[in-house]
Amino acid sequence: QVQLVESGGGLVQPGGSLRLSCAASGSIFSILAMGWYRQAPGKQREVVAGINTGGTINYADSVKGRFTISRDNAKNTVYLQMNSLKPEDTAVYYCKVVTTKITYWGQGTQVTVSS
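Here's what I pulled together on the structure shown here. Predicted, not measured: the structure shown is a model, and the values here were computed from it.

## Digging into the overall build of the chain
Part 1 of the argument: Within the chain, the secondary structure is distributed over 0 helices and 11 strands.
Part 2 of the argument: Each helix (α) and strand (β) of the chain, taken in turn from the N terminus, gives the series β-β-β-β-β-β-β-β-β-β-β.
Part 3 of the argument: The globule rule puts the C-alpha radius of gyration for 115 residues at 13 Å, and the 14 Å found for the chain is close to it.
Part 4 of the argument: Its C-alpha atoms give the chain principal-axis dimensions of roughly 40 × 25 × 25 Å.
Part 5 of the argument: In the chain, which comprises 115 residues, the share counted as buried stands at 39%.
Part 6 of the argument: Sequence separation of 24 or more characterises 54% of the internal contacts of the chain that already satisfy a separation of 6 or more.
Part 7 of the argument: A total of about 6,100 Å² of accessible surface is found on the chain, and carbon and sulfur atoms cover 48% of it.

As structure tokens, this is what we get:
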């Protein structure tokens, strides 16, 4: 059984910051990549950022320069530091972990950017 536990979401004013965490635990096979997606009401889920085992990082154009993804391999944890948040960043954020066997998704954490 594998669990992904996300934390760090919440309500923040425009221009503020939040840090999301996603810790993977259980019988995890080799992790290939970890990343974050988000889904706003009425919209499709979209990729936000990803990082693979080799350290290659990708960001959606909409978050470049504002968000930073990082991972702690020893803890099987991925982080998303979100700065200069905008109302359009409001969404449910999901963690995704890709292994050699299967892909896992977190339960989602709500991020709301509003004054």
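## Focus: unusual backbone geometry
Outside of glycine, negative phi angles account for most residues, and trans bonds account for most peptide bonds.
Part 1 of the argument: With phi around 50°, Asn 76 is a residue other than glycine that occupies positive phi space.
Part 2 of the argument: Relative to the helices and strands, Asn 76 is located in the loop between β7 (67-72) and β8 (77-82).
Part 3 of the argument: By relative accessible area, which is 25% here, Asn 76 ends up partly exposed.
Part 4 of the argument: A positive phi angle, close to 50°, is found at Ser 84, a residue other than glycine.
Part 5 of the argument: On the secondary structure map, Ser 84 appears in the loop between β8 and β9 (91-99).
Part 6 of the argument: Judged by its relative accessible area of 41%, Ser 84 is partly exposed.

## A few points about the pairing of strand β3 (residues 18-26)
Part 1 of the argument: Where strand β1 (residues 2-7) lies against β3, 6 bridges are found, and the strand directions are antiparallel. Paired with Gln 3 across the bridge in β3 is Ser 25.
Part 2 of the argument: Relative to β8, β3 runs antiparallel, the two sharing 6 bridges. Note that in β8 the partner of Arg 19 across the bridge is Gln 81.

Reading the values: the criteria
- Per chain, residue numbering runs from 1 following the sequence as it is written.
- Selection of residues for local features in this predicted model requires a pLDDT of at least 70, selection of side-chain atom pairs for listing and counting requires 80 or more, and totals for whole chains, interfaces and linings are taken over all residues.
- Side-chain numbers come from the whole structure's heavy atoms, not from hydrogens or water.
- Each helix is a run of DSSP H or I of at least 4 residues and each strand a run of E of at least 2, with the numbering of both proceeding from the N terminus.
- C-alpha atoms define the radius of gyration in this analysis, and the globule rule sets the expected value at 2.2 Å times the number of residues to the power 0.38.
- The classification of residues rests on relative accessible area computed with a 1.4 Å probe and restricted to protein chains. Under 20% of the type maximum is buried, over 50% is exposed, and intermediate values are partly exposed.
- What makes two residues a contact is simply this: any of their non-hydrogen atoms within 4.5 Å.
- Accessible surface area values rest on a Shrake-Rupley calculation with a 1.4 Å probe, where residue burial reflects the displayed protein chains alone.
- For two strands to pair, DSSP has to find at least two bridges joining them.

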